[in-house]
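Chain by chain, the residues run as shown.
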Amino acid sequence: MLKSLTLPELEAWCASEGEEAPANRALQLWRWMYADPPAGAWVRSLEETLGRQNGFSAKFVDKVGPRVSLNGGLQLSKVVRAADGTRKLVFTLTGGEAAGGSVETVLIPITRQQGLRDRLTICVSSQVGCAMNCQFCYTGRMGLLGNLTTAQIVEQVVEARRFLAQEGERTQLTNLVFMGMGEPLHNTEAVLAAAEVVSHYLGLHISHNKITISTVGLVPEMRSVIARSRVQMALSLHATTDEVRDWIVPVNRRYDLATLVAALEDLFPKPDPLNKRQQEEQQQQQEQQQEHRLGCSQVLAAQHERRHLLATPSSIEHHQEEQQQGQQQGQQQGQRTDNTEPSPQSEVRPGGMAAGTASSAEAAPIPGYPGTQGEGEMKSLVGVSELVATSGRWLPPLGSTSQLLAAAGAADVNGGQQVDSCTGGTIHGSSSSSSHERASGTHGPTAGATARHGSNSSSNSSSSSSSPGCTSTSSSSSGSSSSGSSSSGSSSSGSSSGRSLLVEYTMLHGINDTLDDAHRLVDMLARVNCKINLIVFNPHVGTRFQPSTDEAVTAFRSVVVQRGLVCTVRDSRGDDEMAACGQLGNVGLAFRPSPILEAPERFRRFLLPAVAGPTSTSSKTKVA
């Protein structure tokens, strides 16, 4: 199945098939599978391209057609539309571990205020069911029926593109989140390959900054993803104590909160403000020094060019010969143009220079040529400038090398303003306060320019942060932020690229929504570069949990925000059609649904009465 291959793997496959130009053939296949029309058409088979421009030849189709498939391993069987515009696509699997089963993908439109582009997020599934058995999640009730292949994950995006084109939808897919059915890091290899395929600029072109992988906290797999991929990460935390998390997120029994938080501090360290400020100042100084070097090299290059073009000995000798010839011709004719004695200003001296009152116009050896001596350097340069002026061509006056360097550096620091040559001297090591201000980037126009340059360099990985999409209409983002743009010294690629973590926290009435929970959450994440996204619980048939009240959510968020963390509340989208977060799946497909775990004694009063179904192996669940 070709949609299971990344572009390099597809090229290797073409080479194994004996293609003369495997790279070209691979790109042709890639464009037809993933590119938007007219470059591509999201084709389901090679035969669809026959007779079309840039299509495949019949010979190639006959050669590989019987052995390859482009259909992705699933088919769109149903579309469910919610009142808020959310659409749930239900797919039937035609192959793989869970052939015959179904998975669900959700399209969440987000209409933004005027002047901002609307967003369309796709929430894809990575498994049929889920083995994590989170007690409040409908998908978790199914248990795990099978992993999806890379092709089946990618095909969800391709089918969504086809569907949107048929619907006449003008808003393009802007964000992709692995927050559908399944635990993505329980199927890591297929998920990472799918993310690479989807983010390729010649195909589905969803930026890696706009792709978010959510996990319940599989620590080794989190480290692997951060080291191998540039996608964004989200963590389904949902509790602030091991007692509660052992119950509602059972994977906590393998990786408890202490282990998980230690990994988060390593992978997503919060930059120290003091160190960050020092790093920014050092970066500004380095940039200024680089600008100085570039400015000085340009001045020296111009000086060198002018010396060769206008101040070479041959050019001066030629000018002197012309002057002498003119004098001789005038003497032979015995005539002068004004019939008067020549004035001092018009007298031409043997050196070829117009005589003036200033003695600095005396001809002297040219710098860079034999005979040049220290103090004569400036005189000769002034003489060359006057020579050029008398010939009708103007050039800036030349100075000594040290003065040029000082002037170039001072002009660069002062945004091009003139600097007194008497205070120039050298670029570095000035002891004056004004020089210190210029060097530190806190004075003059260059300070602002340097700050802008620095912010641009640090925002390469953060300028387009991804917003989890089954997500909120607010600007909650799991992408990188400016607050985490630099964390040098960490060994992980995630921290070096400045990624921040999105912490998802489902609000369950009486279970994890107290003010004590809010304070514990802030304390727990004090050294983690993160944002918190509160999720109002979306009920489903058979659940025993209740959503927190609006007052509880507001109070919880207020504590988090007042203590300095970014915190948003996710809107429920598509909950009227079981398309919201935690509502995907079909428990009826499960041949052995996951067990309902017994709640700690002190939380039972907040639960709804139990329904008939599987129970914990330790004891029967009692009615609250």
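Since this is a predicted model, take the numbers as computed values, not measurements. (Residues numbered from 1 in each chain as written. Predicted model: local features only at pLDDT ≥ 70, side-chain atom pairs only at ≥ 80, totals over all residues. Heavy atoms only, no water.)

Draft legend 1. Local environment of the overall build of the protein chain. Looking only at helices and strands, one finds 17 helices and twelve strands in the protein chain. Of all 624 residues assigned to the protein chain, the portion counted as buried reaches 47%. Restricting to contacts in the protein chain with at least 6 residues of sequence separation, those with at least 24 account for 66%. (Helix = DSSP H or I, 4+ residues; strand = E, 2+ residues; numbered from the N terminus. Buried < 20%, exposed > 50% of the residue type's maximum accessible area, 1.4 Å probe, protein only. Contact = heavy atoms within 4.5 Å.)

Draft legend 2. Structural context of the packing of helix α4 (residues 150-167) against helix α5 (residues 188-199). Two elements in contact, α4 and α5, have axes whose closest approach is 8 Å; the angle formed by their N-to-C orientations is 40°. The orientation of α4 relative to α5 falls into the category oblique. Handedness of the α4/α5 crossing: right-handed. Where α4 abuts α5, its residues Thr150, Ile153, Val154 and Val157 lie against Glu189, Ala190, Val191, Ala193, Ala194, Val197 and Val198. In terms of residue class, the contact of α4 with α5 is built from nine nonpolar, one polar and one charged. (Axes fitted to C-alpha atoms, helices over the stretch in contact; angles between N-to-C directions. Parallel < 35°, antiparallel > 145°, perpendicular 65-115°, else oblique. Left-handed = near helix turned anticlockwise from the far one by under 90°. Nonpolar A, V, L, I, M, F, W, Y, C, P; charged D, E, K, R; others polar.)

Draft legend 3. Expanded view of the pairing of strand β9 (residues 232-236). Summarising burial for β9: five of the five residues are buried, a large majority. Taking every second residue as pointing to the same face, both faces of β9 are buried, with Gln232, Ala234 and Ser236 on one and Met233 and Leu235 on the other. By the bridge criterion, four bridges tie β9 to strand β10 (residues 501-507) in an arrangement that is parallel. Each bridged residue has a counterpart across the sheet, and for Ser236 the counterpart in β10 is Glu504. (Pairing = 2+ DSSP bridges.)

Draft legend 4. Layout of the pattern of salt bridges. Inspection of every chain in the model, using the stated rule, returns 20 salt bridges. Taking the shortest distance from any N to any O, the salt bridge between Glu169 and Arg87 comes out at 3.3 Å. Placement of Glu169 in the loop between α4 and β7 (175-178) and of Arg87 in strand β2 (residues 87-93) is noted, with a sequence separation of 82 residues between them. The exposure class of Glu169 is partly exposed, given its relative accessible area of 28%. (Salt bridge = Lys/Arg side-chain N within 4 Å of Asp/Glu carboxyl O.)

Draft legend 5. Layout of the pairing of strand β8 (residues 211-215). Along β8, five of the five residues are buried, which leaves the element largely enclosed by surrounding structure. A two-sided burial pattern is seen for β8, the buried positions comprising Ile211, Ile213 and Thr215 on one face and Thr212 and Ser214 on the other. Two strands pair when backbone bridges link them, and β7 and β8 are joined in this way by three bridges, in the parallel orientation. Across the sheet, the residue bridging to Phe178 is Ile213, located in β8. Remark: the β7/α5/β8 crossover connection has right-handed handedness. Pairing of β8 with β9 involves four bridges; the strand directions are parallel. Opposite Ile213, over in β9, you have Met233 as the bridge partner. (Right-handed = clockwise from strand over helix to strand, strands pointing away.)

Draft legend 6. Structural detail: unusual backbone geometry. Looking along the chain, the bond that leaves Pro37 and enters Pro38 is cis, with omega of 5°. Mapped onto the fold, Pro38 is located in the loop between α2 (22-34) and α3 (58-64). The backbone phi angle of Asn133 is positive, close to 55°, even though this residue is not glycine. Turning to its location among the elements, Asn133 is positioned in the loop between β5 (127-129) and β6 (144-147).

Draft legend 7. The sheet that holds strand β12 (residues 567-570), seen in detail. Overall, mixed pairing links the ten strands, which are arranged β1-β2-β3-β4-β7-β8-β9-β10-β11-β12 in an open sheet. Strands at the two margins of the open sheet, each flanked by one partner only, are β1 (74-81) and β12. This sheet shows a mean twist of 25° between the axes of neighbouring strands, independent of strand direction. Note that β1 and β2 share seven bridges and pair antiparallel. Bridging across to β2, Val79 finds its partner in Leu89.

Draft legend 8. Looking closely at helix α6 (residues 219-228). Taken together, the buried positions of α6 are Val219, Met222, Val225 and Ile226. Down the axis of α6, the smallest arc covering the buried residues is 120°, so these residues share one side. (Arc of directions from axis to C-beta.)

Draft legend 9. Fine view of the confidence of the model for the protein chain. Across the protein chain, the average pLDDT comes to 75, with 63% of residues at or above 70. Here residues 336-402 is a poorly scored stretch, pLDDT under 50, and it has 76 contacts once near neighbours within four places are set aside; other chains count. This model gives residues 408-496 a pLDDT under 50, and the stretch forms 173 contacts once residues within four places in sequence are excluded. (pLDDT = per-residue confidence, 0-100.)

Draft legend 10. Region of the structure containing the packing of helix α16 (residues 515-524) against helix α17 (residues 550-562). Here α16 crosses α17 at 30°, and the two axes come no closer than 9 Å. Between α16 and α17, the crossing angle belongs to the class labelled roughly parallel. As α16 runs across α17, the sense of the crossing is right-handed. Contacts between α16 and α17 involve Leu515, Asp517, Ala518, His519, Leu521 and Val522 from the former and Ala555, Phe556, Val559 and Val560 from the latter. When the residues that make up the contact of α16 with α17 are grouped by side-chain class, the tally is eight nonpolar, one polar and one charged.

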